[in-house]
Each structure stands twice: as C-alpha cells, then as structure tokens.
Amino acid sequence: ADKPGITQWKSSIASLLGFDENYVYSELDYTYGQSGSGIFRKRDSGIFAVLTGGFVQNGREVNYGRRINSEVLSFAQGVCQDVGCSFAHFIADS
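On a predicted model such as this, the values are computed, not experimentally measured, just so you know.

### Examining the packing of aromatic side chains
Overall, the coordinates contain 3 aromatic pairs when judged by the stated rule. Ring plane angle 75° and centroid distance 6.5 Å describe the contact between Y25 and F55, whose orientation is recorded as edge-to-face. Pair noted here: Y25 is in strand 2 (residues 23-26) and F55 is in strand 4 (residues 47-57), with a separation of 30 residues, a long-range link. According to the relative accessible area criterion, Y25 is partly exposed, its value standing at 22%. With 6.0 Å between their ring centres and 40° between their planes, F55 and Y64 make a pair best called tilted. On the accessibility criterion, F55 (33% relative accessible area) is partly exposed. Residue Y64 is classed as partly exposed on the basis of its relative accessible area of 23%. Among the aromatic residues, ring-to-ring pairing joins Y23, Y25, F55 and Y64 into one connected group. The cationic tip of R66 hangs over the ring face of Y23; the distance from NZ or CZ to the ring centre is 5.8 Å.

Here is what the cut-offs are and how they apply
- Residues numbered from 1 in each chain as written.
- Predicted model: local features only at pLDDT ≥ 70, side-chain atom pairs only at ≥ 80, totals over all residues.
- Heavy atoms only, no water.
- Phe/Tyr/Trp six-rings, centres within 6.5 Å; stacked < 30°, edge-to-face > 60°.
- Helix = DSSP H or I, 4+ residues; strand = E, 2+ residues; numbered from the N terminus.
- Buried < 20%, exposed > 50% of the residue type's maximum accessible area, 1.4 Å probe, protein only.
- Lys NZ or Arg CZ within 6 Å of the ring centre and 35° of its normal.

Now the structure itself:
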C-alpha cells in the first residue's frame, strides 16, 4: 500500500473518464483495501457510486465504481433492514 494504515485519504478529479448504465470510470487515486468507499459528487457531497476496482487500458490506469441506482439502493436497504441500521438517501434528477 502507498498510504499508512489506519488513515483516511481523499482524491479529487475534475471529471470522470466516462460512465455507462452500471459503472463510472475515472483516474481517482486509490489503493488496495479501499473497495467499497463512496465516490462523492462535489456539488452536494452525495455518494453516487461505490469504488469497485481498477484495470489498465492502453497503458493508463482506470478505476471504476458501481453506480448507485435503484437496484443497489434496494440491496443496501435490505441489508440495513436485516442488521437494524438505516440511512438517508435521495434520488437525483440527473
């Protein structure tokens, strides 16, 4: 790992490399063990994706995150119901 243990770090980028129905692609700096971390939208700090992994494409490191859509939200609500937790959420227009 390139960061000390038991610490929290953030990475900022100007924009995403792209997205599709289920994933967003970026050059966010991340390291092993950060999978599951939220990817936040700058304008309102809303989490819109969950860091999932990375790959190398044409010699360029590309990271991707699972977009939070109704399927992912339903899954998270089900898990919380099972373990007795709750969270606030909203569905963005765009």
